Amino acid sequence: HISSAGSSLRRHHEAELAREARELLFAWAPLLRRCTVILTHSPGPANAAVLHASPAPLDKADRRVRRIPFATRRPTLDEAKRVVERLACADYIAPDASEEVLANAAIAAAAAAPDAEA
């Protein structure tokens, strides 16, 4: 099967980027071992393989490794700053408002579910 030079170059660059990312994560291993929580976002099988393919820089079974709990945008420095800012903030919910907040969260989660009817 013959492919274009452009697609071959793209695959080469994707493989190189994945290799560099894995090397960086392995280099960070001493720092990652000291973390209490490790938040990741790696949509799609190719991206998840960078983190979890054998030998894995991060172990899927490690309870510290978690997904970022909200939607993220394109991987830019500005987006990384936005994610860090959002993760570093806490919202106070008054005890008398907690039932309403939970009900609204359940409605939003149901609407965002992949099999939710339009």
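Residues numbered from 1 in each chain as written. Predicted model: local features only at pLDDT ≥ 70, side-chain atom pairs only at ≥ 80, totals over all residues. Heavy atoms only, no water.

### Here's the deal with the overall build of the chain
Counting its secondary structure elements, the chain contains five helices and two strands. Starting at the N terminus and walking to the C terminus, you meet the elements of the chain as α-α-β-α-β-α-α. On C-alpha atoms alone, the chain measures out to a radius of gyration of 19 Å, which is more than a quarter above the 13 Å that the 2.2 N^0.38 rule sets for 118 residues. Each of the three principal axes of the chain carries a C-alpha extent, and together these read 60 × 45 × 30 Å. Split into buried and exposed, the 118 residues of the chain put 14% on the buried side. Residue pairs at least 24 apart in sequence account for 54% of intrachain contacts in the chain once pairs closer than 6 positions are excluded. Per element, the accessible surface of the chain, about 9800 Å² overall, is 60% carbon and sulfur. Computed over 16 positive and 15 negative side-chain charges, the separation of the two mean positions in the chain equals 9 Å. (Helix = DSSP H or I, 4+ residues; strand = E, 2+ residues; numbered from the N terminus. Rg over C-alpha atoms; globule rule 2.2 N^0.38 Å. Buried < 20%, exposed > 50% of the residue type's maximum accessible area, 1.4 Å probe, protein only. Contact = heavy atoms within 4.5 Å. Areas by Shrake-Rupley, 256 points an atom, 1.4 Å probe, with all protein chains shown as cover. Lys, Arg positive; Asp, Glu negative; His and termini not counted. Charge placed at Lys NZ, Arg CZ, Asp CG, Glu CD.)

### What about the side chain of Thr40?
Structurally, the position occupied by Thr40 is in strand E1 (residues 38–40). Other than its neighbours up to four places away in sequence, Thr40 contacts Leu51, Leu58, Val65, Arg66, Arg67 and Ile68.

Function cannot be inferred from these measures alone, as they are strictly geometric.
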